[in-house]
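Examination of the molecular architecture
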Amino acid sequence: MKGLYLIPPRTMILVACALFAATGFGSPLWSSGPDAPAAKVTFNRDIAPIVYQYCAACHRPGEAGPFPLLTYQDVKKHGRQIEAVTQTRFMPPWLPEPGALKFADERRLSDQQIATIRAWVDQGMLEGGPSDLPMKPNFVEGWQLGQPDIILKAEKPYMLPATGGDQYWNFILPVPINETRWVRAVEIRPGDKRLVHHANLLVDRYGSARRVEKDKGSGFGGMEVRIDSEVFDPDSHFLFWKPGTVASNEPDGMALRLDKGTDLVLNTHLQPSGKEEPIQPSIGIYFTDKPATLHPMLLEMQNDGALDIPAGAKDFVVTDEFKLPIDVDLMGIYPHAHYLGKDLLATAELPNGTKKTLIHIKRWDLNWQAVYRYAEPVFLPKNTVIKMRYVYDNSEENTTNPNHPPARVLGGNRSTDEMAHLWLQVLPKGEHPNGSDPRMVLQEAWARHEVEKAPSIFESHYNLAAMLQRRGAMDEAIEQFQAAVSIRPTDPVANNALGAALLAKGDLDGAVQRFNVALASRPDYFDAHYNLGNALAAQGNFDGAVEQFGEAVRLNPEDANAQANLGTALAQLGRLTEAKSHYEAALRIDPTNQLARENLQQIEQMTRGSPH
Amino acid sequence: MLVATLLQAASGPEGPSPAPARAGESSSSTAKSVEALDLAGKAVNPFELAAGKPVVLIFVRTDCPISNRYAPTIEGLSQKYSGTAVLMLVYPDKAESSANIQKHLQEYGYKIAALRDPQHALVKLGQVEITPEAAVFNGKGELIYHGRIDNWYKEFGSARSAPTTHELDDAIQAALNSQHLAPASVSGVGCYISDLQ
C-alpha cells in the first residue's frame, strides 16, 4: 500500500561524463598556475564547454529551459543572469552536496567553473577565436531510444492556468496489453517541458487511481498519489522525469512487469508561465522478451507522524531509522519533503562502524526534487542502520513557506502539509534459506518497523498483516488485520483480508461477518463476493453461495475459479444443467482448471440418460 | 504615509537591500525629449501621449521567464488604472522584432500598449536594470519609483506562493495622489537589461 516510483537508470555514457567533469573538463586558462600569462576568458575556449555539458541539454528548443543556450549570442544575452544563478548554484539545478558516493549524471559545476563564468562576464563576455569553439553536443531529437513499441497519450489535456502557485495534476494512462509484458525502457514526455518541474510515473495494477478520477480521462489534482495494492507486489523501479532526463534502458535483468489492466499514473508538478497552457503528456514504452531476473525493491522510510511544526520554528527536526535485515545493494535514492524542508540528510552506519553519507541536501528545493541514482551500487550489509534526518523551517525567513504569516503545519499529502519521506531502491544480495524471497524478509522488517513507529496508522498494520499472511503466520496476521480494522472499521480491503485469514483458520462466522462489512462498503468488490461465497458454502448455505458466486461472475465473467465455484454451489442445490454451463465456462477460460474438469465429468455421469 | 511604506519595503528584514543610489546614471534624456518606438516603428514619446497623467513603464523581454510569469499581474494593473494613468510595456531588446513582440503580446493575453526601446532611452530615464522592473513618473514627468513590481520573487528560483508587498501598485497610487517623493527603489529579480547591450 505504498507509492511506487520508477526511473530509468543512467547510462554508462553519463557516468563517464561525470568522471570527465571531475578531471577538470573546461578548466579555465585564466586561472592556471603562476607561470601562465593571465589570458582572458573567452566563450569559445572556456565557456562553451561548460554550457554545452551542463546547460544545453535543457536550454535548447523544445526542452525545459526558458531560452536556448547554444551559441555565443544566446549566452551573452543572459550573461549576468547566468553569472548570478551559477553563483547561488540555482543553476544548473543539482541539490546534493558533493560527497564520497558519486551519483550518475551529476550536473554540478565546480567552484572553478563558476569562477570562470564570473570572470568571463566581468571581462566583458569575449567571444574568442573561432578555432577554440568545441563541437556542439549532438542531441537526439524525438524519442530518445527510437520509436517506442507503444505510445500512451493522456486522453485530455490539463489546462494550466496563467497564474497562481504551483499546480499538481495526475494523468491516468491505461496500458493497452492483453497479457503480461516486460519493459526495458520507458520515456516520459511530460508535455511542455518548460512548465513541468518534475513527473513521477507510478504503476497502478489494481485501478486504484481510477477510483479518484471523477470524469474518465480527465485526471485529478493532488501533490501525492496513493496507489493501493492488495497483494505484496514489490515494484522495483523509479520512473522519474526531471528537466534534462535522458531515457535509457533498465539494467540487464531488471525489466519492469506490466500486466493486462495496468494503469500508469503520471504525477506532475507544474508551474504557471503567465499564460494558460495545455499539458498533455505522453509515455513511450519499449518492450523486451527477457523477463526480470533481478528484483530490486523500494524501501520507504518516513516519519510523517512526527511532523507537527509550530509556526515560526526554524529548525524542526524529524528522524527515522531502519536496520537492514539482509545484505543489499543500494541503487538509487529519492528524498522528499514539501515547502518547509530545509536540510535533508540520509546516512548509513555499517556494522563495522563505518559511516556513509548517502545523500545530503543542505538547501532543499521542492522545485528541483529528483531521484538520484548512484554511479555504482552502494553495498550495505545486513544490520546496517539507515538514518534519515530532515530539518524544516517554518519561519517567515523561508520564502517558500506557503503560510504568511507562518502557521502550524502537520504531516499530510496536500502541498501545504509537510512530508518526511526517503525512498531507497535496493537490490537484495546473497542466498536466502528455503529459496524465500528476500524482499519479503525486508518488507516484513520494514512493516514491523512502521507498526512500532506508528501504531495508530492503518497501513502499518495492514502491510505487516499481509506479509505475515503470505508466509503463513496466520495468528499474528489476524491480530494485525484486526488492528487495521479497528482503526478503519469499514475499510473494504482490510475487512476482506481479515475475513480471508479467519476463513483459512476455520472461523466461518467471523469470516462471513467481515466479508459482509467489506461488501457494505464496496458492493462491487469481486474478491469479497467470491470469498463470502466460499464461506457460505463451507457453512452449507448453498443458496447464499450461489448468490455470491453469481455476483462475482457478473463482476468478472472471465474468472475461471468463480465460474467453477458457482458451478459447484449450483450442483449442490441439484441445479445440474446450470452447474454444467458454468463448469464449461470455467474450462473455456482455463482449460487446465482441475476442479471444473472433474466436477463436470461427475455431472455428466450423473445426468447421463436423464431428460436434462 | 506612502513614503514610509516604500522605505520600509526597501529596508525591511526580508526585502533586498535598497539599490545603490543611481543619481549619477541619469542620462541627458528628459521626460520631455525621450523617444522610443511603437510597434510600427514610429518614434513616440510616452509623456506626450500621457498628457499630464502619470506614466508607468514596465520593462519586459519575450525570453525572460520571470517577466513572463508576471503577465497576468501587469495586465491586471493596466486594467486597474485604465483611464487614470498610462501604463506601457517596454521591450528593451534591440534584437527583438515588432512581429515577435506582437506574437508575445497575443500569447500572454496582453492588451496593454507596448513600446520598443532599442537605444535604452527609457531604460536610462527609468533607471531600471532588470526585466521585470517598472518606472513610475508622476504627472509632471518626475520619476517617483523604479524597481520591482512586488516581492513575489526573493531571488532566482525562490518565489513566494503569492507576493506580500506591492511596490508598483503603491507607487502608482502615490503618483495619482500627486505625492512628491524622492525616487524610491527596490531591485527586481529577473533578467539583466545590461546583457542586451
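Per chain, residue numbering runs from 1 following the sequence as it is written. Key to labels: chains lettered from A, ligands numbered from 1, both in the order written. Local features in a predicted model are, by the rule used here, given only for residues with pLDDT of at least 70; side-chain atom pairs are given and counted only at 80 or more, and totals for whole chains, interfaces and linings are based on all residues. With hydrogens and water stripped out, all remaining heavy atoms of the structure feed into the side-chain values.

1. Overview of the overall build of chain A
Let me state the cut-off plainly: Helix numbering and strand numbering both begin at the N terminus, where a helix is a DSSP run of H or I of at least 4 residues and a strand a DSSP run of E of at least 2. The rule is simple: take the accessible area with a 1.4 Å probe, protein chains only, and divide by the maximum for that residue type; under 20% is buried, over 50% is exposed, in between is partly exposed. Any pair of residues with heavy atoms lying within 4.5 Å of one another is described as a contacting pair. Only the protein chains shown count as cover for residues, and the accessible areas themselves come from Shrake-Rupley with a 1.4 Å probe.
Secondary structure summary: chain A contains 15 helices and 21 strands in total. Considering only C-alpha atoms, chain A reaches an extent of 110 × 50 × 50 Å along its principal axes. A total of 612 residues make up chain A; the buried ones form 55% of that total. By sequence separation, contacts in chain A at least 24 residues apart represent 76% of the contacts at least 6 residues apart. Here chain A displays about 26,200 Å² of accessible surface, and carbon together with sulfur accounts for 51% of that area.

2. Here we look at the interface of chain B and chain A
What counts is decided by this rule: Buried area, as used here, totals the accessible surface that two parts lose on assembly, with accessibility defined by a 1.4 Å probe and the loss added over both. Should a side-chain nitrogen of Lys or Arg be within 4 Å of a carboxyl oxygen of Asp or Glu, the pair is scored as a salt bridge. Side-chain classes follow a simple rule in which Ala, Val, Leu, Ile, Met, Phe, Trp, Tyr, Cys and Pro form the nonpolar group, Asp, Glu, Lys and Arg form the charged group, and the remainder, Gly included, forms the polar group.
Between chain B and chain A, the residue contacts involve 27 residues of the former and 32 residues of the latter. Between chain B and chain A, the buried area comes to about 2,400 Å², and carbon and sulfur atoms account for 49% of it. On the chain B side of the contact with chain A, B:Arg69, B:Phe156 and B:Asp195 bury the most area, a combined 26% of that side's loss. Inspection of the chain B/chain A interface yields four salt bridges. A:Lys77 serves as the salt-bridge partner of B:Asp93, at 2.8 Å between the closest nitrogen and oxygen. Per-element accounting of the side of chain B that touches chain A gives the leading share, three residues, to helix α3 (residues 65-69) of chain B. Of the residues contributing to the side of chain B that touches chain A, the split by class is nine nonpolar, eight polar and 10 charged.

3. Details of the confidence of the model for chain B
All names here are of chain B. Put simply, the rule reads: You can read pLDDT as the predictor saying how much it trusts each residue, on a scale of 0 to 100.
For chain B, the mean per-residue pLDDT works out to 83, and 82% of the residues sit at or above 70. Contacts of residues 1-29 to residues separated by more than four positions or lying in other chains number 42 contacts, the stretch itself having pLDDT below 50. Here the predicted complex carries an ipTM of 0.80, next to a pTM of 0.81.

4. Considering the packing of aromatic side chains
Residue and element names in this part refer to chain A. For the record, the criterion: Any pair of Phe, Tyr and Trp rings, taking the six-membered ring for Trp, is counted once the centres come within 6.5 Å. Such a pair is stacked with planes under 30 degrees apart, edge-to-face with planes over 60 apart, and tilted for the rest. Lysine NZ or arginine CZ positioned within 6 Å of the ring centre and within 35 degrees of the ring normal marks a charge as sitting over the ring.
Tallied over the entire structure, the rule returns 18 aromatic pairs over all chains. Taking the centre distance of 4.3 Å and the plane angle of 10° together, the rings of Tyr 158 and Trp 169 count as stacked. Here Tyr 158 is found in strand β2 (residues 158-160), whereas its partner Trp 169 is found in strand β3 (residues 167-174), with 11 residues between them in sequence. For the pair shown, Tyr 158 and Trp 169 are each scored as buried. Following the ring pairs from residue to residue traces out a cluster consisting of Trp 94, Phe 103, Tyr 372 and Tyr 374. Looking at Arg 60, its charged tip hangs above the ring of Phe 139, at a distance of 4.0 Å from the centre. It is Arg 189 that lies over the ring of Trp 143; its NZ or CZ is 3.9 Å from the centre.

5. Focus: the environment of A:Asp509
All names here are of chain A. When you line up the elements, Asp 509 lands in helix α10 (residues 508-521). Judged by relative accessible area, Asp 509 falls into the exposed class, the value being 58%. Here the alpha-carbon distance between Asp 509 and Ala 535, two residues 26 residues apart in the chain, equals 8.2 Å.

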